[in-house]
Amino acid sequence: MKQAYGDAQYTSSPVEDQEQGFGGYELRRLREGREDRVATVLFWDATGQFFVETFGDVPLVILEALIAEAKSSITVR
């Protein structure tokens with residue numbers, strides 16, 4: 001995902017750790033020349049569930065897009 005919102009640009013990228021048993025997406029925000037990780041959506045194999053974690057304020061429309069991306073891209077077994 002690449003999406004602008006206000007004065008920020010949001011970009012997602014896949015993350016995975018097979019040893020810990022999760023896969024998902026990380027959301028980064030570029031604003032005023034500074035890039036920060038602002039959220040993750042992870043699917044944990046052990047629980048069979050998605051989890052969302054935010055690090056500060058994230059607009060709901062951006063968070064919903066991140067969740068939709070993760071749910072459509074991650075194969076749940």
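This section reports on the structure supplied with the text. Please read these numbers as outputs of a predicted model, since none were measured by experiment.

### Structural notes on the sheet that holds strand S5 (residues 49-54)
Argument step 1. Spatially, S1-S2-S3-S4-S5 is the arrangement adopted by the five strands of the open sheet, whose pairing is antiparallel. Of all strands in the sheet, those with a lone pairing partner are strand S1 (2-5) and S5, marking the two edges. In this sheet, neighbouring strand axes are inclined to one another by 25° on average, regardless of whether the strands run parallel or antiparallel.
Argument step 2. Relative to S5, strand S4 (residues 34-44) runs antiparallel, the two being bridged by six bridges. In the sheet register, Thr40 faces S5, and the bridge partner there is Glu53.

### A short note on the layout of surface pockets
Argument step 1. Of the pockets and cavities examined, the largest pocket occupies roughly 340 Å³.
Argument step 2. What lines the largest pocket is a set of 17 residues, among which Glu16, Phe22, Gly23, Asp45 and Ile74 lie closest to the centre.
Argument step 3. Counting only elements with at least two residues in the lining of the largest pocket, the list comes to strand S2 (8-17) and strand S3 (22-31).
Argument step 4. Its residues placed into classes, the lining of the largest pocket shows six nonpolar, seven polar and four charged.

### Things to note about the pattern of salt bridges
Any two side chains of opposite charge can pair if their charged atoms end up close together.
Argument step 1. In the structure shown here, the tally under the stated rule is three salt bridges.
Argument step 2. Between Glu35 and Arg28 there is a salt bridge, with the nearest N and O atoms lying 3.4 Å from each other.
Argument step 3. Here Asp36 makes a salt bridge to Arg34, at a shortest N to O gap of 2.9 Å.
Argument step 4. Looking at Arg34, the relative accessible area reads 56%, which means it is exposed.
Argument step 5. Several salt bridges converge on common partners, so that one network encompasses Glu26, Arg28 and Glu35.

Rules used throughout
- Residues numbered from 1 in each chain as written.
- Predicted model: local features only at pLDDT ≥ 70, side-chain atom pairs only at ≥ 80, totals over all residues.
- Heavy atoms only, no water.
- Pairing = 2+ DSSP bridges.
- Helix = DSSP H or I, 4+ residues; strand = E, 2+ residues; numbered from the N terminus.
- Axes fitted to C-alpha atoms, helices over the stretch in contact; angles between N-to-C directions.
- 1 Å grid on protein atoms, 1.4 Å probe; cavity = no way out; pocket = protein on both sides within 12 Å on 5 of 7 lines; lining within 4 Å.
- Points joined across faces, edges and corners; volume = space filled by probe spheres on them.
- Nonpolar A, V, L, I, M, F, W, Y, C, P; charged D, E, K, R; others polar.
- Salt bridge = Lys/Arg side-chain N within 4 Å of Asp/Glu carboxyl O.
- Buried < 20%, exposed > 50% of the residue type's maximum accessible area, 1.4 Å probe, protein only.

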